[in-house]
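One letter stands for each residue in the lines below.
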Amino acid sequence: MAGRTRSAERRAEIVRAALEVIAERGYRGASLGAVAARVGLTQQGLLHHFPTKEALLVAVLEERDRWDTGGGREGWRLDLLEALVEYNAMRPGIVGTFSALLGESVTEDHPAREYFTRRYTRVRADMADVLRTEYGDRLPGGLTPEQAAPLLTAVLDGLQYQWLLDPGAVDMPAAFRDFLRLLGAR
């Protein structure tokens, strides 16, 4: 049991280090060697925990999702999305890493493409559920939750990009609250 716990702790340490290295250098510029050095391992030692760079990347992305959702997605509400936007405004490194990986993943051969494709399918469904809980089968403007879910998702991600590029000009939490008012939530 102690060996399994130690291995899980080491994997978590490696994932945190990988997140830092990716935030600094981007996915393509981040090497397994740099991650290994950051946690005091050889590259071979790192490969014991993550057999490929792609496996490590997916672990980083999954960990970020766990941080954002607290391990579950049930019970999401618009006010919790608002709190998530405020939380993200306090962690530019993680938001930047996610955004950089998302941008890179649109290429055909990127190892995170499948992950992001699956993630956005799930996120749109989650956002439709959030909107249905708040508004029922029709939003005030007449859209169904399924029609509005990609728009809500686009606002969340688009605000992150704008805030990362010019944080002094874009108040991400305030802009999201404005969007919620536009939806009729406030």
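Residues numbered from 1 in each chain as written. Predicted model: local features only at pLDDT ≥ 70, side-chain atom pairs only at ≥ 80, totals over all residues. Heavy atoms only, no water.

A. How the structure looks around the overall build of the chain. Secondary structure summary: the chain contains nine helices and zero strands in total. Going from N to C terminus, the chain has its helices and strands arranged as α-α-α-α-α-α-α-α-α. Along the first, second and third principal axes, the C-alpha atoms of the chain reach 55 × 40 × 30 Å. Within the chain, the fraction of its 186 residues that count as buried is 41%. In the chain, of all internal contacts separated by at least 6 residues, the share reaching a separation of at least 24 is 61%. Entry remark: accessible area of the chain is about 9800 Å², with carbon and sulfur atoms responsible for 55%. Of the charged side chains in the chain, 24 are positive and 26 negative; the average position of the first set lies 4 Å away from that of the second. (Helix = DSSP H or I, 4+ residues; strand = E, 2+ residues; numbered from the N terminus. Buried < 20%, exposed > 50% of the residue type's maximum accessible area, 1.4 Å probe, protein only. Contact = heavy atoms within 4.5 Å. Areas by Shrake-Rupley, 256 points an atom, 1.4 Å probe, with all protein chains shown as cover. Lys, Arg positive; Asp, Glu negative; His and termini not counted. Charge placed at Lys NZ, Arg CZ, Asp CG, Glu CD.)

B. Fine view of the nonpolar core. The biggest cluster of nonpolar side chains holds 29 residues, and the ones touching the most others in it are Val-35, Leu-56 and Phe-116. Ranked by residue count, the leading element in this core is helix H1 (residues 2–29), at eight residues. With residues up to four places along the chain from it excluded, the contact list for Val-35 reads Ile-14, Ala-17, Ala-18, Val-21, Leu-46 and Leu-56. In terms of nonpolar packing, the next biggest core, distinct from the first, is built from 26 residues, Leu-81, Val-95, Leu-156 and Met-172 among them. (Core = buried A, V, L, I, M, F, W, Y, C linked by side-chain atoms within 4.5 Å.)

C. Quick look at helix H8 (residues 145–165). When the terminal C-alpha atoms of H8 are compared, their 30 Å separation across 21 residues agrees well with the 30 Å that a helix rising 1.5 Å per residue should span. Of all the positions in H8, only Pro-145, Ala-148, Ala-149, Leu-152, Thr-153, Val-155, Leu-156, Asp-157, Leu-159, Gln-160 and Trp-163 are classed as buried. (Expected span 1.5 Å × (residues − 1).)

D. Quick peek at the environment of Ala-17. Relative to the elements of secondary structure, Ala-17 occurs in helix H1. You can call Ala-17 buried: its relative accessible area is 4%. Along the chain, Ala-17 and Val-39 lie 22 residues apart, while their C-alpha atoms are 6.8 Å from each other. Ignoring anything within four residues of it in the chain, the contact list for Ala-17 reads Val-35, Arg-38 and Val-39.

E. Representation of the confidence of the model for the chain in the model. In this model, the chain carries a mean pLDDT of 88, and residues with pLDDT of at least 70 account for 94%. Across the chain, element-level confidence peaks in H8 with a mean pLDDT of 97 and bottoms out in helix H4 (residues 53–69) with 79. (pLDDT = per-residue confidence, 0-100.)

F. Quick look at the layout of surface pockets. Of the volumes computed, that of the largest pocket is approximately 170 Å³. Surrounding the largest pocket, Leu-139, Pro-140, Gly-141, Leu-143, Ala-148, Leu-151, Leu-152, Phe-179, Leu-182 and Leu-183 form its lining. Contributing elements (two or more residues each) for the lining of the largest pocket: H8 and helix H9 (172–183). Classifying every residue of the lining of the largest pocket by side-chain character gives nine nonpolar, one polar and no charged. (1 Å grid on protein atoms, 1.4 Å probe; cavity = no way out; pocket = protein on both sides within 12 Å on 5 of 7 lines; lining within 4 Å. Points joined across faces, edges and corners; volume = space filled by probe spheres on them. Nonpolar A, V, L, I, M, F, W, Y, C, P; charged D, E, K, R; others polar.)

G. Up close: the pattern of salt bridges. Counted by the stated rule, this structure contains 10 salt bridges. Note that Asp-137 is salt-bridged to Arg-132, the shortest N-O span being 3.2 Å. Take Arg-132: its relative accessible area is 29%, and that puts it in the partly exposed class. (Salt bridge = Lys/Arg side-chain N within 4 Å of Asp/Glu carboxyl O.)

H. Fine view of empty space enclosed by the protein. As enumerated under the stated definition, the model contains two cavities of 30 Å³ or more in all. Each pocket or cavity is described by its volume, and for the second largest cavity that value is around 70 Å³. Around the second largest cavity sit Ala-18, Ile-22, Tyr-27, Ala-30, Ser-31, Leu-32, Val-35, Lys-53, Leu-56, Leu-57 and Val-60, which together line it. When residues of the lining of the second largest cavity are traced back to their parent elements, those giving at least two are H1, helix H2 (32–38) and H4. For the lining of the second largest cavity, the element with the most residues is H4, which contributes four residues.

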